[in-house]
Amino acid sequence: LELDVRHVIEGVDEPRYTAAYTNGRLAFVTDSGAGTLLVVDVVRGRILTRVALGGPARHLGLSPRGRVLWVALGTKAERIAVVDVGDPRRPEVVARFRPPFLAHDVGFAPGGKRVWVTSGDQRRIALYDPRTREVLRVLEAGSPPQHVTFCGGRAHVSSGDDGTLRVHRLGDGRVLRTTR
């Protein structure tokens, strides 16, 4: 596989993280320096839209159906922005809320029934109902910051200073395995 640079996009202060939209043509990119979410046409290599999020945009999670984004507003975020991307060319911030700790990473579990929010300052993870934004469960975790991804019906959470990877069951968050 050979990779080539197709486009260089100017006018971005501090690009951080990306989520690919379901159509394969658009991407959502956080610009931490400007505190914005960018909608990028990856085929043409241009920014279509910029949306102010109200803080240094960092990690983001896109719902499986591609209709909602949650964005942590900082590496130790006091707030998370909820963005309606049902019309991906016209995203709209619909809410901002405070997690029970300073948030770091955000990920929608497969099926979209839970959102996992990891901590940037504590050894905890919060599992949310994505519709109500209510915390359903708070899990103990390794040291912050933690990152979350999903594979094979499990959540995989890596932890900062202690260098661990924990595999969790999706439904209740129970730890199935820990590896250093």
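Everything discussed here concerns the structure shown above.
Now for a look at the structure at hand. Quick caveat, the model's predicted, so the values are computed rather than measured. (Residues numbered from 1 in each chain as written. Predicted model: local features only at pLDDT ≥ 70, side-chain atom pairs only at ≥ 80, totals over all residues. Heavy atoms only, no water.)

## A short note on the overall build of the protein chain
Reasoning step 1: Secondary structure assignment for the protein chain yields 0 helices and 16 strands.
Reasoning step 2: Relative to the 2.2 N^0.38 estimate, which gives 16 Å for 180 residues, the radius of gyration of the protein chain is 16 Å and therefore close to what a compact globule would have.
Reasoning step 3: Considering only C-alpha atoms, the protein chain reaches an extent of 45 × 40 × 30 Å along its principal axes.
Reasoning step 4: Out of the 180 residues belonging to the protein chain, those deemed buried represent 48%.
Reasoning step 5: Looking at the protein chain as shown, the accessible area adds up to about 9,400 Å², and 46% of this sits on carbon and sulfur atoms.
Reasoning step 6: Averaging the positions of the 28 positive and the 19 negative side-chain charges in the protein chain gives two centres separated by 6 Å. (Helix = DSSP H or I, 4+ residues; strand = E, 2+ residues; numbered from the N terminus. Rg over C-alpha atoms; globule rule 2.2 N^0.38 Å. Buried < 20%, exposed > 50% of the residue type's maximum accessible area, 1.4 Å probe, protein only. Areas by Shrake-Rupley, 256 points an atom, 1.4 Å probe, with all protein chains shown as cover. Lys, Arg positive; Asp, Glu negative; His and termini not counted. Charge placed at Lys NZ, Arg CZ, Asp CG, Glu CD.)

## Regarding the nonpolar core
Reasoning step 1: F28, L37, L53, L60 and L69 are the most contacted members of the largest nonpolar core, which has 17 residues in total.
Reasoning step 2: The residues touching F28, leaving out its near neighbours within four places in the chain, are Y17, T18, A19, Y21, L37, L38, V39, L60, L62, L69, V85 and P88. (Core = buried A, V, L, I, M, F, W, Y, C linked by side-chain atoms within 4.5 Å. Contact = heavy atoms within 4.5 Å.)

## Digging into the pattern of salt bridges
Reasoning step 1: If you walk through the whole model with that rule in mind, you get 7 salt bridges.
Reasoning step 2: Residues R123 and D162 are paired through a salt bridge, measuring 3.7 Å at the closest nitrogen-oxygen approach. Residue R123 is found in the loop between β10 (115-119) and β11 (124-128), and its partner D162 is found in the loop between β14 (154-159) and β15 (164-169); the two are separated by 39 residues along the sequence.
Reasoning step 3: By relative accessible area, R123 is classed as partly exposed at 42%.
Reasoning step 4: One salt bridge in this structure joins D172 and R169, with 2.7 Å as the shortest N-O distance.
Reasoning step 5: A residue is classified by how much of its surface remains accessible, and D172, at 23% relative accessible area, is partly exposed.
Reasoning step 6: Residue classification places R169 among the partly exposed residues on the basis of a relative accessible area of 32%. (Salt bridge = Lys/Arg side-chain N within 4 Å of Asp/Glu carboxyl O.)

## Some details on the sheet that holds strand β7 (residues 80-84)
Reasoning step 1: Ordered by their spatial adjacency, 4 strands build an open sheet running β5-β6-β7-β8, and the pairing between neighbours is antiparallel. What marks the edges here is a single partner per strand, and that holds for β5 (60-62) and β8 (92-97). Adjacent strand axes in the sheet meet at a mean angle of 20° when their direction is disregarded.
Reasoning step 2: For β5 and strand β6 (residues 68-72), the ladder comprises 3 bridges, and the chain directions are antiparallel. Of the residues in β6, the one forming a bridge with L62 is L69. (Pairing = 2+ DSSP bridges. Axes fitted to C-alpha atoms, helices over the stretch in contact; angles between N-to-C directions.)

## Structural notes on the sheet that holds strand β1 (residues 15-20)
Reasoning step 1: Reading across from one edge, β1-β2-β3-β4 is the order of the 4 strands in this open sheet, with antiparallel pairing throughout. Lying at the two open borders of the sheet, with one neighbouring strand each, are β1 and β4 (46-52). For this sheet the average axis-to-axis angle between neighbouring strands, irrespective of direction, equals 25°.
Reasoning step 2: Pairing geometry for strand β2 (residues 26-31) and strand β3 (residues 36-41), over 6 bridges, is antiparallel. Residue pairing in the sheet places T30 in a bridge with L37 of β3.

## What to know about the packing of aromatic side chains
Reasoning step 1: In this structure the tally under the stated criterion is 6 aromatic pairs.
Reasoning step 2: An angle of 75° between the planes, with centres 5.4 Å apart, marks the rings of W70 and Y128 as edge-to-face. Pair noted here: W70 is in strand β6 and Y128 is in strand β11, with a separation of 58 residues, a long-range link.
Reasoning step 3: Taking relative accessible area as the criterion, W70 reaches 0% and is therefore assigned buried.
Reasoning step 4: Members of the aromatic cluster, each reached through a chain of ring pairs, are W70, F97, F108 and Y128. (Phe/Tyr/Trp six-rings, centres within 6.5 Å; stacked < 30°, edge-to-face > 60°.)

## As for the pairing of β11
Reasoning step 1: Burial analysis of β11 places 4 of its 5 residues in the buried class, the great majority of the element.
Reasoning step 2: Sheet topology places β10 next to β11; 4 bridges connect them, and they run antiparallel. Among the inter-strand pairings, V115 is bridged to a residue of β11, identified as Y128.
Reasoning step 3: Hairpin connection of β10 to β11: 4 residues between the antiparallel strands.
Reasoning step 4: Across 5 bridges, the pairing between β11 and strand β12 (residues 135-140) is antiparallel. What sits directly across from Y128, in β12, is V135.
Reasoning step 5: What sits between β11 and β12 in their antiparallel hairpin is a turn of 6 residues, with R133 showing a positive phi close to 60°.

The values reported here are purely geometric and, on their own, carry no functional implication.
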